[in-house]
Amino acid sequence: MWPLSIPKGLRQTFRPRRRLAIAEACLIGLVAAFAAVFLKVASGWLGGWRVSVSHLAPAGLVLPAVGLSFGFLAGWLVDRFATEAKGSGIPQVKAALAAFPIALDLRVALVKLLSCILALGSGLAIGRQGPTVQVGAALAGQLSALIPTSPDHRRQMIAAGAGAGLAAAFNAPLAGVLFAIEELLHDVSGFTLGTAILASFIGGVVSRLLGGRSLELNLELTTSQTSFSIPEIPFYLFLGVACGLLGALFCQGIFASLKFYQRVVRLSLPFRIGLAGMVSGAIVALLPAFFRDNTGMREFLLAGEASAQVAAIAFVAQFGLTLIAFGSGAPGGLFAPSLMLGSALGYLVGLLETNIVGYGAPTTYALAGMGAFFGAVSKAPITAIAIVFEMTTDFNLLLPLMIGSVTSYLVAETVAPRSIYDRILELNGIKLDKATPNEGILTQLKASDVMQQRVETLSSKMTVDEAVQAFSRSHHRGFPVVDNGKLVGIITQSDLAAINQRALPKDTPLEAIMTPKPVTVGTKATLADVLYLLNRYQLSRLPVVEGRKLVGIITRGDIIRVEADRLGGKNMEIGPRPQPSYVVYQTRSPSVGKGRLLVPLANPQTADALLQIAAAIARDRDYELVCLQIILVGRHNSPEETPVRTTSSRRLLRKAESIGRKWHVPVHTEVRVAHDVAFAILETIEIEHIDLLVMGWNAEPPSPGRIFGNAIDTAIRQAACEVVLVKLGTTRGNGQQAIDKDPESDAAPSGEFYVQCPLPYAQCQIPLWDRWLVPMGGGPNAECAVRLLPALVALGYAPKIRLCQVFKPSEAVPMTPILDRAAQNLRQQLDSHAGVWKGMSGRKASIPVLGTHLRGYSVSEAVTKLAKFDESDVVLLGASREGFLEQAIKGNIPCAIARGCDCTVILVRGKF
């Protein structure tokens, strides 16, 4: 489908200008600040109301009741309107930035705001800073959705919104920037830094102007009470170790609580949060009154007025209450609880240091503990240092913060690796890759790499009647309209259908009905930009232009092909998409066969052997032989227009015709000019209706991401016909010489199976393959390999066949149904061929068929050793479901066997 005309300004915004990014970042910072201030004021008012009511009425009744009612209402809002709003919100932001389909829009922002206010007002021990991050990101996502931009630009804006939310929550612009870089994007590009800095600055400044300091800390209480001296370093190291260990324990408790609510407390989200609020209220009612206000408790600890007993109770109570609250899925974060736990733990270490040494102040340790514990939980030590420093603006804290935060991070990363947010996502079935989305195929490839250069176009001067005829001859639903190489419009089937309604004559020129100024994309646009435009405007194809010149077109099928190649392990060559191959030479024989066998020929030194194999199979199956020579040209040259020399190719194909006459097989030959060998082979398979493909195979180790090589990997993965891969060996059966040997001279070993069959040795001097080794693993492809043997043994003089099966040394010797069944089938097939062969040569020879079991931990090593011991000429591998093809992908067994022995290796894969 093609869209209607789109204004020029709108058409260009998918590659946003810097001014647009600056304006959007400023707006994001502003709305994030307003949201953070509203959340802070509303939750503070509701929490203050809860505390005041608890002093007027029995706390044992009021606090559980408020917790139950407000918690249930918060859970109902989340469950009813936006399930993405549950929990902290930071894991959801990380998943959305990693391109997972998690909504970040105005709906999520509003639900998160209201539900978080209710959850905090219920008395749950959670924080508002994490939700503020999600609210900022969701508002940024909504703003980006209103403006047609690229996916990468939208991702940057969401990260900037998250940073602005954190900056507004803590009044810490630098912390917002660092959090966006350290935790969310892991990207320090100029675009990321610029937007994050601007949004965080606006968010922090506006929040400070409107709402004052974030945690309501009375910083005058800490003035002149912070200090640091060299003898205190061991105590700050101890504080860091303690925060690291207890922070890791806290994270494990969070996961245990989440699993407990999911698996044991099988209630709906509203009831879970309501239950958590009720239990939390009952516990808080049993504690001293000042525990009902978390902000006042932090201020109490930082003022240095608390006793060790109060600090210990605060740590234990906050630890347990946070696990109860967060595990229920309540819309709240871990920032404030982590800071509270760190201040209590730091205060205890400060009291210990004061009693032992007497140098420092407990307040300094409490503040350093806030950063250390937060760094251990979030795995973001730099952000932790910035948050506490910007909250206090006290340079005396820098060294204690650095020592404690870095130490706690190292300890926590050793005990419980990875970010808590990543682990929460994995608990919910979302696993983030280590590689950033910027490293994916959508941003690596450009439009010029995947576009089709051959585009069918129409002229604006063409009449409607001529356009109708063009549509009738083509399967396309729309055509670009081009004049003098420049794109001037688009004509679609819907445009032609509208002619009847407008009563226009058929000689009306297309310029009167076409859609001018269509949506286009430049050659340097990323694949992500292309996909975004296709989805946003519901297009089926997108013209690629340089200026106004039409240079190509991209369809949805092109993008699917690129992704399929990536999933299949194919390393795409950067450059224009391969064009269809072009036949420059062709000969035909009578089409009298029951099927067709294709042999691509490239190396004249191995062509004889491949042709003998193909001819033997073709004669056995009554197939026609199609011999293909491919001449490669550069991606920027058209195969149809590039001049090539075919002298050597025709010489090789004449040799194929000669071998076909000796085997009495019809031979068709053709030379194709192509961009890509694999695509040319697949085209030939489809055009010529090929039933079996025989290809040469180089046993050299493939490049990373390959199994056998580009063309062979593509053939195995995409060719619907049967595939036979041949790696020619260097032993006596390499096709270079024949051994004059009497077929009656070999005595038959006892216990071996025999059949009588004639061998057309006089007609086939090369190759000479007598000793055959066939590993058996079961499955349909192993049967395909056995079915080929009656045809292939005709290439030997006195063939002997050994079937083998590999099992582990720890296993008992297995029964032999696979070998027995394979031997029986092989005898029947050879018996059925005996009459035909006797009529051709009049000679018979005994073919022994042996069955052998091998012990070995490695299939490839066991088969290689047996092949060397037997001096096998050929190893025939039937790629089975349990064995070779699957293990080829994981361990590349055929390549290992081919490199381990000098004999020929043949791999067989059946039809799809």
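Residues numbered from 1 in each chain as written. Predicted model: local features only at pLDDT ≥ 70, side-chain atom pairs only at ≥ 80, totals over all residues. Heavy atoms only, no water.

A. Geometry of the overall build of the protein chain. The secondary structure content of the protein chain amounts to 33 helices and 19 strands. Every one of the 912 residues in the protein chain was classed for burial, and the buried ones make up 56%. Restricting the contact set of the protein chain to residue pairs at least 6 apart, pairs at least 24 apart contribute 80%. About 38200 Å² of surface is accessible on the protein chain, with carbon and sulfur atoms providing 58% of the total. (Helix = DSSP H or I, 4+ residues; strand = E, 2+ residues; numbered from the N terminus. Buried < 20%, exposed > 50% of the residue type's maximum accessible area, 1.4 Å probe, protein only. Contact = heavy atoms within 4.5 Å. Areas by Shrake-Rupley, 256 points an atom, 1.4 Å probe, with all protein chains shown as cover.)

B. Up close: the environment of glycine 350. Its place among the elements puts glycine 350 in helix α14 (residues 335-356). With a relative accessible area of 0%, glycine 350 lands in the buried category. Residues glycine 350 and alanine 361, spaced 11 residues apart in sequence, show a C-alpha to C-alpha distance of 6.3 Å. Among residues more than four places away in sequence, those in contact with glycine 350 are Pro362 and Tyr365.

C. Seen up close, the side chain of threonine 587. Within the secondary structure layout, threonine 587 lies in strand β7 (residues 582-587). The exposure class of threonine 587 is buried, given its relative accessible area of 17%. In this structure the side chain of threonine 587 is engaged in a polar contact, spanning 3.1 Å, whose partner is the side chain of glutamate 657. There is a polar contact of 2.3 Å between the side chain of threonine 587 and the side chain of threonine 669. Ignoring any residue separated from it by four or fewer positions in sequence, one finds threonine 587 in contact with Glu657, His668 and Thr669. (Polar contact = N/O pair within 3.5 Å; in protein donor to acceptor, adjacent residues only side chain to side chain.)

D. Quick look at helix α8 (residues 173-185). For α8, which comprises 13 residues, the first-to-last C-alpha distance of 17 Å matches the rise-based estimate of 18 Å (1.5 Å per residue) to within 8%. Bending of α8 peaks at approximately 30° at the position of phenylalanine 179. Along α8, the positions that sit buried rather than exposed are Ala175, Gly176, Val177, Phe179, Ala180, Ile181, Glu183, Leu184 and Leu185. (Expected span 1.5 Å × (residues − 1). Bend = angle between axes of the 7 residues up to and from the residue.)

E. Here's a closer look at the sheet that holds strand β18 (residues 874-878). The mixed open sheet is built from 11 strands, whose spatial order is β7-β10-β9-β8-β11-β12-β19-β18-β14-β15-β17. Each having just a single partner strand, β7 and β17 (849-855) make up the two edges of the open sheet. Taken over all neighbouring pairs, the strand axes of this sheet differ in orientation by 20° on average, direction set aside. As paired strands, strand β8 (residues 595-601) and strand β9 (residues 623-632) are joined by seven bridges and run parallel to one another. Paired with valine 599 across the strands is cysteine 627, a residue of β9. Along the sheet, helix α25 (residues 604-621) contacts β8, β9, β11 (692-696) and β12 (722-727); its crossing angle with β8, the most-contacted strand, is approximately 175°. Its contacts with the sheet put helix α31 (residues 859-870) on β14 (771-775), β15 (800-807), β17 and β18, and the angle it makes with β15 is roughly 150°. (Pairing = 2+ DSSP bridges. Axes fitted to C-alpha atoms, helices over the stretch in contact; angles between N-to-C directions.)

F. Structural context of the pattern of salt bridges. According to the stated counting rule, one finds 13 salt bridges in the structure shown. Put simply, arginine 596 and glutamate 688 hold a salt bridge, and the shortest N to O gap is 2.6 Å. Taken together, the residues arginine 596 in strand β8 and glutamate 688 in helix α27 (residues 677-688) connect sequence positions 92 residues apart. Judged by relative accessible area, arginine 596 falls into the buried class, the value being 16%. (Salt bridge = Lys/Arg side-chain N within 4 Å of Asp/Glu carboxyl O.)

G. Fine view of the packing of helix α10 (residues 233-263) against helix α18 (residues 420-427). Between α10 and α18, whose axes approach to 11 Å, the crossing angle comes to 20°. In this view, α10 runs roughly parallel relative to α18, as classed from their interaxial angle. Every pair of crossing elements has a handedness; the one defined by α10 and α18 is right-handed. Between α10 and α18, the residues in contact are Cys251, Gln252, Ile254, Phe255, Leu258 and Lys259 and Ile420, Arg423, Ile424 and Leu427, respectively. In terms of residue class, the contact of α10 with α18 is built from seven nonpolar, one polar and two charged. (Parallel < 35°, antiparallel > 145°, perpendicular 65-115°, else oblique. Left-handed = near helix turned anticlockwise from the far one by under 90°. Nonpolar A, V, L, I, M, F, W, Y, C, P; charged D, E, K, R; others polar.)

H. Structural detail: the pairing of strand β1 (residues 478-483). Taking burial as the measure, the six residues of β1 include five buried ones, the bulk of the element. With six bridges connecting them, β1 and strand β2 (residues 486-492) associate as antiparallel partners. Pairing of aspartate 483 across the sheet is with lysine 486, part of β2.

I. Molecular detail of empty space enclosed by the protein. Summed over the entire model, instances satisfying the criterion amount to three cavities of 30 Å³ or more. Taken as a whole, the second largest cavity spans an internal volume of roughly 40 Å³. What lines the second largest cavity is Arg50, Leu63, Ser122, Gly123, Gly277, Ser280, Gly281 and Val284. Broken down by class, the residue content of the lining of the second largest cavity amounts to two nonpolar, five polar and one charged. (1 Å grid on protein atoms, 1.4 Å probe; cavity = no way out; pocket = protein on both sides within 12 Å on 5 of 7 lines; lining within 4 Å. Points joined across faces, edges and corners; volume = space filled by probe spheres on them.)

J. Focus on the nonpolar core. Phe250 and Ile420 are the most contacted members of the largest nonpolar core, which has 92 residues in total. Take this core: its biggest share by element is 11 residues, from α10. Look past the residues within four positions of phenylalanine 250 in its chain and what remains in contact with it is Phe319, Thr322, Leu323, Leu334, Ser338, Leu341, Phe373 and Val377. Core analysis: the next-biggest nonpolar cluster, separate from the first, contains 53 residues, Leu597, Ala618, Trp772 and Ile801 among them. (Core = buried A, V, L, I, M, F, W, Y, C linked by side-chain atoms within 4.5 Å.)

K. Broad picture of the environment of asparagine 484. Looking at where asparagine 484 falls in the secondary structure, it is placed in the loop between β1 and β2. Placed 65 residues apart in sequence, asparagine 484 and lysine 549 show a C-alpha to C-alpha distance of 8.7 Å.

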